[in-house]
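If you want the building blocks of each chain, they are given just below.
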Amino acid sequence: MDIELEKNINAAVEYLKEISNEKLDFRLMDPIAKMMLVSLLHESQKIKDYVDGIGERIIERFCEDFIPRREIEAMPALSVIEAKFKPKKDSETIIIGNNASFVYKIGDSKNQINYIPIFNTLCIPYQNLYILNPQKLCVGDKVYDIIMDKPNCIWIGINTKAEIDSLKGLSLIIEGTNGILPEHIFVGSEDYELEYSDMTKMENIEMVEPFDSQQSSGQFFSIIENWKDTLTNMVNQSLIFITDETKDRDVFKQRAYPKIFEKWVEEDGLNSFDESTIWLKLEFQNDYIIPENISIKINVMPITNIDINNVTLTQISPIAKLQKQDNSFFLQIIETSNAANKQGFNMSKDDIIVRDFDASCYHEGNLYRDIRTIYNHFIDDYYAFIEFNGIKDGETIKQLRDLINKIGKSVGTHNSKYSFDSGTYVMKNMNQYPQSSSIKVSFTSTLGKLGNTPILGETMENKKLPSIEKELPIIVSGMGGTDKANVDERYENLRYYTLTNDRLYTKKDIEALIRKEIITEFGKEEFKRIFIELKIEGAAGETKLQRGLYITIKFKDKKNFEKAVNTSMKNRIYQKIINRSCISMPINISIMNFDN
């Protein structure tokens, strides 16, 4: 019997004794009256417990609905690689999509991180890539000075042996324009305009499976938003895809160069062009001047750290963990083997039940308290049961106490002997009709923050594409991957979104954002060794001295300082402030180590 309930019963009996003229013995009461009294007090205690727990339930719901899911759940990292064709495989285009996979090996160890492409990407084998900007013509290592009368245009020549009838899926990464995108893209000398999409409209680009069929799910919406935010905020780089459906050999006819080049390029430069070249013209806004250091690459692929896994549930083994390895995080269910003949969203719910125990996101002390409370309630009820029924079963009580203490040790203290499993599990729906002998469940998982490991200039191993080189260069370092938020990060997110609603207007708002980013990256304990300073002082503007926001982040620990530098924390915080604020003054962020 619950301790509080027993106290209430005793208090009620004492009150009945006081108002009654006759001597009252609770044990000799009418059984029905005793049952009604216990039931009434039990229900009143349930109401009291429910009311007491309203605050905690509101906070939990607040965390689920108010904080964006991508701040709570693990998010898969992104990187960008460049496809290079093998020497004897340069006569046909390929579309890299569903069957491609890439592996990044961590140092000399056997540990590796798997990546798959996000979009169906058209890759064109080329012998030369000509870049003609208003100041110069680049042909491989050779550079020719030119004078172009259109400073807002850049021409790209793809010299290829392949026959082209469509450019749908061709990708380009533009570096040097500070994120400014072309207003128009034309092909050939007839200025046939092609449709394209940047990363703010990535839903217009054809995705590979399983992403294409998952675009309607809530979890995937969060992943898409995280990818958009990451890919649109690359430092001085912009990624675009041709989405035009045109399929016509005449439109994509190859030639040495457009006739207008004769006005701009000397004879030596014109002689460097090959007859088999497709020309693209990128036209920016009228008042924009193309920078001299602009660079453009084609055949680039954004890839993501996602693994596609399978588990089989049977009558004998109806439960399985949705995790490929110990440090991975479950993302979402793709499909089940029984879902082939069904239609509609969430069709897998009839076959399986998914539960995320999420125990790692609780405070250890609170978790231990809750377990002890359950234990105490059970023991009190059990003792009341054996007292009323004359049963003596001390062995069962002893086993229960040992079990609860074991669980308590695993969450109350960091003891390597005990480990508390807080993963995501899938269970076969035992109420399913008709019952099937087994169900195959396909799901996706990610390594979260570990997927940010690849670095610009390193290589990634191609696993399944025979016409592409085995080692492919990484042209954008890993970015955007996050682990599942722990209790400290959830609290910090709750504090930040309550204070700012993700809009930065005051110094206090900006400080809350920086605090959230630091705790997410380094943890609450390390935050005590990191200091934030915000000042508004004079700063150099474009035409005159003006007030500016100075942010200084100081690290006591050199290891944390080096990590902040290597992960480009300064650029990431700067971009988030720009995106979320209406601050017009210059923003200057510096990261320092106390040893310097």
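All figures in this text were calculated on a predicted structure; none of them were measured in a lab.

Enquirer: Quick question: what am I supposed to make of the overall build of the protein chain here?
Expert: On a plain count of helices and strands, the protein chain comes out with 12 helices and 28 strands. Across the 596 residues that make up the protein chain, the buried fraction comes to 44%. When the accessible area of the protein chain is evaluated, it comes to approximately 33100 Å², of which 49% is carbon and sulfur surface.

Enquirer: How should the pairing of strand E24 (residues 459-462) be read in this particular structure?
Expert: For a regular strand, the rule is simple: side chains alternate between the two faces of the sheet. Relative to E24, strand E3 (residues 102-105) runs antiparallel, the two sharing two bridges. Across the sheet, the residue bridging to valine 103 is glutamate 461, located in E24. In terms of strand pairing, E24 meets strand E25 (residues 471-479) through three bridges, oriented antiparallel. Looking at E25, one finds that methionine 460 is bridged to leucine 472.

Enquirer: Sorry, what's going on with the pattern of salt bridges here?
Expert: Pairing between side chains becomes possible if they bear opposite charge and their charged atoms approach one another. Summed over all chains, the structure comprises 25 salt bridges. A salt bridge links glutamate 461 to lysine 470; the nearest nitrogen and oxygen atoms lie 3.9 Å apart. For glutamate 461, a relative accessible area of 9% puts it in the buried group. For lysine 516, the salt bridge identified is with glutamate 517, shortest N-O distance 3.2 Å.

Enquirer: It is not clear to me how the environment of threonine 444 should be interpreted in this structure. Could you clarify?
Expert: Here threonine 444 is to be found in strand E23 (residues 438-446). Taking the C-alpha atoms as reference, threonine 444 lies 9.0 Å from lysine 324; in sequence the two are 120 residues apart. Not counting residues up to four positions away in its chain, the partners in contact with threonine 444 are Pro210, Ile306, Asp307, Ile308, Asn309, Phe329, Phe330, Leu331, Gln332 and Ile334.

Enquirer: What exactly am I supposed to notice about the pairing of strand E9 (residues 153-159) here?
Expert: With respect to burial, E9 is a largely interior element, seven of its seven residues being buried. Taking every second residue as pointing to the same face, both faces of E9 are buried, with Cys153, Trp155, Gly157 and Asn159 on one and Ile154, Ile156 and Ile158 on the other. Taken together, the five bridges between strand E6 (residues 128-132) and E9 define a ladder with antiparallel strand orientation. Within E9, the residue paired with asparagine 128 across the bridge is asparagine 159.

Enquirer: Help me understand the sheet that holds strand E19 (residues 319-321) in this model?
Expert: The strands making up a sheet associate through backbone hydrogen bonding, with each pair oriented either parallel or antiparallel. Overall, antiparallel pairing links the three strands, which are arranged E19-E22-E21 in an open sheet. Edge positions in the sheet fall to E19 and strand E21 (352-356), since each has one partner strand and no second. This sheet shows a mean twist of 20 degrees between the axes of neighbouring strands, independent of strand direction.

Enquirer: Quick question: what am I supposed to make of a nonpolar patch on the surface here?
Expert: A grouping of Ile47, Tyr50, Val51 and Ile54 is seen on the molecular surface, where their side chains present a nonpolar patch of about 390 Å² in accessible area. Among the elements that line the nonpolar patch, the one with the most residues is helix H2 (residues 31-52), at three residues. By the element assignment, valine 51 lies in helix H2.

Enquirer: Please clarify how the packing of helix H8 (residues 487-500) against helix H9 (residues 507-522) should be interpreted in this entry.
Expert: Working note: a packed helix pair is described by the angle between its axes plus the distance between those axes. Running from N to C, H8 and H9 cross one another at 165 degrees; their axes reach a closest spacing of 10 Å. Considering the angle they form, H8 stands roughly antiparallel to H9. The interaxial crossing formed by H8 with H9 has left-handed handedness. In this structure, H8 uses Glu489, Glu492, Asn493, Arg495, Tyr496, Leu499 and Thr500 to contact H9, whose residues at the interface are Lys508, Asp509, Ala512, Leu513, Arg515, Lys516, Ile519 and Thr520. For the contact of H8 with H9, the class distribution of residues is five nonpolar, three polar and seven charged.

Enquirer: Is there a simple way to think about the sheet that holds strand E15 (residues 277-283) in this case?
Expert: Judged by pairing direction, the sheet is antiparallel, and its seven strands sit side by side in the order E8-E7-E6-E9-E15-E11-E12 without closing on themselves. Both outer strands of the open sheet, strand E8 (142-145) and strand E12 (192-194), are each paired with one neighbouring strand and no more. This sheet shows a mean twist of 20 degrees between the axes of neighbouring strands, independent of strand direction. Sheet analysis places strand E11 (residues 184-187) next to E15, joined by four bridges and oriented antiparallel. Looking across to E15, one finds that isoleucine 185 is bridged to leucine 282.

Enquirer: Quick question: what am I supposed to make of the packing of H9 against helix H12 (residues 569-580) here?
Expert: Where H9 contacts H12, the two axes come as close as 11 Å, and the packing angle between them is 140 degrees. With respect to H12, the axis of H9 lies oblique. The crossing of H9 and H12 is right-handed. Where H9 approaches H12, its residues Ile510, Leu513, Ile514, Glu517, Ile518, Glu521 and Phe522 are matched on the opposing element by Met569, Arg572, Ile573, Lys576 and Ile577. Partitioned by chemical class, the residues of the contact of H9 with H12 number eight nonpolar, no polar and four charged.

About the thresholds
- Residues numbered from 1 in each chain as written.
- Predicted model: local features only at pLDDT ≥ 70, side-chain atom pairs only at ≥ 80, totals over all residues.
- Heavy atoms only, no water.
- Helix = DSSP H or I, 4+ residues; strand = E, 2+ residues; numbered from the N terminus.
- Buried < 20%, exposed > 50% of the residue type's maximum accessible area, 1.4 Å probe, protein only.
- Areas by Shrake-Rupley, 256 points an atom, 1.4 Å probe, with all protein chains shown as cover.
- Pairing = 2+ DSSP bridges.
- Salt bridge = Lys/Arg side-chain N within 4 Å of Asp/Glu carboxyl O.
- Contact = heavy atoms within 4.5 Å.
- Axes fitted to C-alpha atoms, helices over the stretch in contact; angles between N-to-C directions.
- Patch = residues over 30% accessible without salt bridge, like charges linked within 9 Å, V, L, I, M, F, W, Y side chains within 5 Å.
- Parallel < 35°, antiparallel > 145°, perpendicular 65-115°, else oblique.
- Left-handed = near helix turned anticlockwise from the far one by under 90°.
- Nonpolar A, V, L, I, M, F, W, Y, C, P; charged D, E, K, R; others polar.

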